[in-house]
Structure formats: structure tokens, C-alpha cells
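# Structural overview
Each chain, letter by letter, is given below.
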Amino acid sequence: MKKLMTGNEAIARGAYEAGCLVAAAYPGTPSTEILENVSTYPEIYSEWSTNEKVAVEVAAGASIAGARSMAAMKHVGLNVAADPLFSFAYEGVNGGCVIITADEPGMHSSQTEQDNRLYAQAAKIAMVEPSDSQECKDFMKAAFDISEKFDTVVLFKVTTRICHSKGAVELLDREEVGIKEYTKNIKKYIMVPAHSRVKHIEMETERIPALREFSNTTEMNRIEWNDRKIGIVTSGASYVHAKEVFGDTVSYLKVGFSWPLPDQKMKEFTAGVEKVYVIEENEPYMENFMKAMGIECTGKEIFSVCGEISPQIIREVMLGEKPEEGYTLDITAPNRPPALCAGCPHRGIFYAMGKHKNKINVTTDIGCYTLGAMAPLNIGDTSICMGAGISAGIGFDKANRMAGRDKKVFGVVGDSTFFHSGMTGLVDAVYNKSNMAVVILDNRITAMTGHQENPGTGKSVSGVESPQVDLIALVKAIGIKEENLRVVDPYDMEANYEAVKAAIATDEPFVIITKQPCALLKDVQKRRANLYCQVNQELCRKCKTCLRIGCPAISMKDNVVSMDITMCNGCQVCLQVCPFHAIEAFGEEVK
């Protein structure tokens, strides 16, 4: 039977058919749907881990105990998971273990476009790269076999186009491989220096040579001989794009097993063609390897290391063809910068902080709350990585003090981010007596990646009820004093104003927790379906104060301020900031 599947769905199906028993992940575009789909197979234990490091450690523990396991994450998540990855690479596996990295050339929803093929090279672990949905499923099954055959973790590298594009996938039955017997072996699984030295030598002298031989013989790396004037070495989505442009008019070396790279097959292929091009996204990973072997080839001289490669780019760069004109419109669509949704519970506290812009600095984090840095709220000085909303704030505060700047630092994180990597930052702030204020925006969900559960929601990835971590109790346990803690409804502007003022006034670590669910949650939408605000035009003085909260439901046209009641859900923040009481609320919340 065949089924139309995205790459993410096919990866999940491959894990199922391979007999995977344990799967862990942290959500992040473009990888999120992998675990969501894995969780639909009851044969596999699935969990949203608190962060990517934990996910890899869960998978590693299951593998050592004998179960086939996997962990999935977006590319920057592998940075978080690098510590266990490099150690586990030395140890090797028992049950097969696959780590999925979903890279994002073009940075559609990411802060970097790093090329995680370099992680396989650095950690010296096997790596596979599928090019379409069918290969996502097939390569996933092969990856578990490779892992067990060569005693290695396997890095499974995909990109946004592969994750989200659909293709026909042939479905097969699940293979129940069971759990391997576990025998205690401290020399293999306890990485103290004496053991690590031995394991490193084993890796270099036994495992890697065996993997290199496999790379040169496996059909995952295949030569497609056609006209031999041009030979293209490529992998992943770039292979599909190249085939779309050139069809069978050129020869290809399609690389699907990409660490170790197939040196002998590369030499054979390049010796058989007149001109060699390397088409790969981001870093010159294969190109550098080939040039180091003395192979003449053209790659990043004509292809950029930035952004995605598309058929249009290949045509333009290699054939000199300009993109064909498509359909044209009489008007140009306006830019749509990212913004907080109508009714977003983060808006109120950001607006309250904005009342003190000259007195504060704000270190933000990765998630919806980054959008507070956008106009008109303009709340945010930094956004580095998950957890840095707190820990970068500690350093910012220390530097402010050294420079004699009389500014309070507010560090902003979400509930899921706090569990991911914010808790350690708060511990650091308390331990080192930081003068900063931490704002934890608890909207009861992991919102920006599509409403995944987290330890604060009380549900697991499969929707089963689970213990709910008490943020308030946790913050107190870390060491925040009762008088330095405010728990507020962010729709209550007076409470927001008071909390921000109190945070500015203290010289000790201070925490504000806002508690209000994401406005886009289905049950929230149902409860507030009849709520909305409207402008009383007789009272409106066109002062534009309501526009300064940045709500997309509010607009001004022809000097008339109006509300789009199809977007408004009656949060009433606008009503509270209007100095002339010109905004009125209508409807009731459905109980």
C-alpha cells in the first residue's frame, strides 16, 4: 500500500517499521511533526523531553539497555544535545540509535542556518541524508541496521524541504526486533578517561574504516551514468532539484550515506566525467573533502553558502537562464512582519514594561515572546538562544552596574523555555545575587511550534494526563523570596503595571509569572467566541494609544480607529489602555 506522506510523517513511519521502541524530542520547526506522528504508534514509547539534551540522553539510555531508540530536533537543538552526542559516539550502542537533525537552509523560522553535517564529521558518527519521503522511510529503517551493525549512533540529516514536502511512500509491516540483552560493561559505557582513550582508538582503527568501506559499497551512495561531459555530486533536496533541471542529460553521484564520505566512489565518478560540479546547500562539506583528495570541482565558487538551493538557482547559476516570469498581480502584497496574535497574553506585560523603556533593558528568548521586540512594542535588546533570556540578562545586569548605568534588566522566557533551559539561569541569578527581574510568560503550552505539551500543561505528547510542574513552587524552591514574586493575569493592566514597578524598585532577584493560556488554543477560542471589543466613535479622540499595543485586530483608516471583531477575542487590554474610555467590551465568556 502507498500513502502520500511528508518527510516527517515518513520518518515516523520508518521508525515504526524498524521496530523502534523509544522516541524522544523537543519541538522545533521543521522537525516538530516527527514525534507527533511517532506518538500515534502505540508500540513506541514517545515523550516530549524538557530539552534536546535530555531527549538524546533518553534515547542513549534506552539504546544501551537494548531498545531501538531515536531522538528528533531542529538543527540548533543539536547544539544543546552535543554534549551527550559526542560521548555516546565513543561508547557506541546496544539497540540501534538514530538522532534526527532537521536543518533549515534559508532560516524560515530559525536564528541560524548551520550545516549539521559538520557534527557527524566532528563526532565521527555515521550519517545518512534522504532526498524524498520514500527515502525518509527507507533510510530510517536502514539507519537502525547501520547503527547496530557498526556499533555507532547514526545522524539522520534532513532539511525543511524534505521535512514538509509530500511524496508517495510504500508502507510495510512493522518488524518486531524486541529488546537486546543488556550486559553490564563499564569499559564500554562508563566514559572515564582511561576507558575513553581505548574507545577512541577503537573508533579510529575499527569502526571508522568499516564505515568508510560501507560508504563506498552501499547503494545509498549511487552513481547514475548518463552523458559524461558533466558530472554532479549532490545530496538531499539538492539532488531532486538537480534532477528537475538536468534530467538524464548529466551524470550524478547521489550521496545518501554522507559520513564517512565515499572517497573511492568519488574518485571513480569524477574520473569518468569531464567537468565536476558539487551542488550542496550551505557549507562546502563534500566539495572540501573532494578538493582535499586533489579532485578538481566547482561548487561554492558559483553557489552561495547562504540560503536554500532551488531549481531556479541551478538554472541561473549553471545555465545562465533567468527565472521565467510567472503570474503577475496588479498590486503588490504588503510585507507581513511577524506580530503577536490578537488576544496574545504576552501583550499586556510587554506594554507595561514599555512604560519604562528609558529605565530598563530586556533580554528576550526564543519563542512568541521574541515578537515583543517588534514595533510598536519594541521590548527587547537581545535574543540569542533558548534560556539566554535569563542567563544573558545576568551578564547584561553585571555590565550595566560596572558601567554605572541605572537600568533594570528584565529577562523574558516562556513556560516551555523555562523548563527547557531557563531554570538553570534562574538558579544562577539567585546564587550570584543578580539584580535582574525574570518574567516567565506561562501560556500553558509550547505555542510557536504549534501547541505541543510541556511539563507545565499536565498532559503528555499523546494527550494522556500527567503530573503538572508547579511553576510558582519551583521558583520559590530555587530561592525567590515571597515578596519578590508576582503572579499576575496579563490581561489585568493594573496588575501588570504594579508588578513591573515592584520589579524595578527591588535590588534582589525578582520574578513575575504571567498566567493566561494562549489565545489560539481551541478551548480558549471556544470560550471567548462571543467576546469582542468595539470603538465608540463618539468618544474616540484619535490619540492612537490603542494602536501602540500592536494588536492586529485594531487598525486606523481614514482617521477612523476600528476593531476587526472576527479577530478580537475580548482580552480587553485595549479597553484598559484607552485614556478616553472609548473602547467597549461586548459578549460573555462561555463557561
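This section reports on the structure supplied with the text.

### Some remarks on unusual backbone geometry
A cis geometry characterises the amide bond from T29 onward to P30, with omega recorded as 15 degrees. Structurally, the position occupied by P30 is in the loop between β2 (22-25) and α2 (32-38). For the bond running from W259 to P260, omega is -5 degrees, close enough to zero to count as cis. Take P260: it is sitting in the loop between β12 (257-259) and α11 (263-271). Located in the positive-phi region is D151, a residue other than glycine, with phi close to 55 degrees. Topologically, D151 is positioned in the loop between α6 (133-150) and β7 (154-159). Among the residues examined, D151 registers a relative accessible area of 24% and is labelled partly exposed.

### Re the side chain of T234
Mapped onto the elements, T234 comes out in strand β10 (residues 230-235). Here T234 falls in the buried class, since its relative accessible area comes to 0%. Here Y239 takes part through its backbone nitrogen, which lies 3.3 Å from a polar atom of the side chain of T234.

### Focus on the sheet that holds β10
Ordered in space as β9-β11-β10-β13, the four strands form an open sheet in which the pairing is mixed. The strands lining the two open edges of the sheet, one partner per strand, are β9 (221-224) and β13 (275-279). In this sheet, adjacent strand axes meet at a mean angle of 15 degrees when their direction is disregarded. Two strands pair when backbone bridges link them, and β10 and β13 are joined in this way by five bridges, in the parallel orientation. In the sheet register, G231 faces β13, and the bridge partner there is V276. Packing of helix α10 (residues 236-246) onto the sheet brings it into contact with β9, β10, β11 (251-255) and β13, and relative to β10 it is tilted by some 145 degrees.

### Overview of empty space enclosed by the protein
If you walk through the whole model with that rule in mind, you get three cavities of 30 Å³ or more. Considered as a void within the structure, the largest cavity measures approximately 100 Å³ in volume. Of the residues that constitute the lining of the largest cavity, the class distribution is ten nonpolar, one polar and three charged. For the second largest cavity, the calculated volume is near 90 Å³. Those elements that provide at least two residues to the lining of the second largest cavity are β7 and α10. Of the residues that constitute the lining of the second largest cavity, the class distribution is four nonpolar, four polar and five charged.

### Section: the sheet that holds strand β14 (residues 360-364)
Spatial strand order, β15-β14-β16-β17-β19-β18: six strands in an open sheet with parallel pairing. In this open sheet, the two edge strands, each paired with only one partner strand, are β15 (382-383) and β18 (485-488). With two bridges joining them, β14 and β15 adopt parallel strand pairing. Paired with T364 across the bridge in β15 is S383.

### Here we look at helix α14 (residues 346-354)
With respect to burial, α14 is a largely interior element, nine of its nine residues being buried. Along α14, the residues that are buried comprise H346, R347, G348, I349, F350, Y351, A352, M353 and G354. In the core, the buried residues of α14 are packed alongside β14, β16 (408-414), β17 (437-442), α18 (493-505), β19 (510-515) and α20 (573-577).

### What to know about the layout of surface pockets
There is about 780 Å³ of room inside the largest pocket. Every residue lining the largest pocket is counted, 39 residues in all, and those nearest its centre are S109, Q111, I366, G367 and M448. Those elements giving two or more residues to the lining of the largest pocket turn out to be α4 (75-91) and α16 (415-431). Classifying every residue of the lining of the largest pocket gives 15 nonpolar, 21 polar and three charged. Estimates place the volume of the second largest pocket at around 530 Å³.

### Quick word on the nonpolar core
With 49 residues, the main nonpolar core has F350, M353, F410 and I512 as its most contacted residues. Broken down by element, this core gets its largest block of residues, seven residues, from α18. If we ignore the near neighbours within four places in the chain, the residues touching M353 are I360, V362, I379, F410, V412 and V500. Counting 43 residues, the second-largest nonpolar core is a separate cluster that includes Y16, A143, F150 and V461.

### Observations regarding the packing of aromatic side chains
Where two aromatic rings form a pair, the distance of their centres and the angle of their planes describe that pair. Applying the stated rule across the entire model yields eight aromatic pairs. Where Y239 meets Y252, the ring centres are 6.0 Å apart and the plane angle is 80 degrees; that geometry is what we call edge-to-face. In this pair, Y239 sits in helix α10 while Y252 sits in strand β11, placing the two residues 13 residues apart along the sequence. Summarising the burial analysis for this pair, Y239 and Y252 share the class buried. Three or more aromatic residues joined by ring pairs make a cluster, and in this case those are F150, F214 and F257. A cation over an aromatic ring shows up here: R228 above the ring of W225, its NZ or CZ 3.7 Å from the ring centre. For the cation-ring pair, K275 lies above Y277, with the distance from its terminal atom to the ring centre recorded as 5.5 Å.

### Quick look at the pairing of β19
The element β19 is extensively covered by neighbouring structure, given that five of its six residues are classed as buried. Sheet analysis places β17 next to β19, joined by six bridges and oriented parallel. Looking at the pairing, V439 lines up with I512 of β19. As paired strands, β18 and β19 are joined by four bridges and run parallel to one another. Residue pairing for β19: V488 is matched across the bridge by T514. Read from β18 through α18 to β19, the crossover connection turns out right-handed.

Conventions we followed
Residues numbered from 1 in each chain as written. Predicted model: local features only at pLDDT ≥ 70, side-chain atom pairs only at ≥ 80, totals over all residues. Heavy atoms only, no water. Helix = DSSP H or I, 4+ residues; strand = E, 2+ residues; numbered from the N terminus. Buried < 20%, exposed > 50% of the residue type's maximum accessible area, 1.4 Å probe, protein only. Polar contact = N/O pair within 3.5 Å; in protein donor to acceptor, adjacent residues only side chain to side chain. Pairing = 2+ DSSP bridges. Axes fitted to C-alpha atoms, helices over the stretch in contact; angles between N-to-C directions. Contact = heavy atoms within 4.5 Å. 1 Å grid on protein atoms, 1.4 Å probe; cavity = no way out; pocket = protein on both sides within 12 Å on 5 of 7 lines; lining within 4 Å. Points joined across faces, edges and corners; volume = space filled by probe spheres on them. Nonpolar A, V, L, I, M, F, W, Y, C, P; charged D, E, K, R; others polar. Core = buried A, V, L, I, M, F, W, Y, C linked by side-chain atoms within 4.5 Å. Phe/Tyr/Trp six-rings, centres within 6.5 Å; stacked < 30°, edge-to-face > 60°. Lys NZ or Arg CZ within 6 Å of the ring centre and 35° of its normal. Right-handed = clockwise from strand over helix to strand, strands pointing away.

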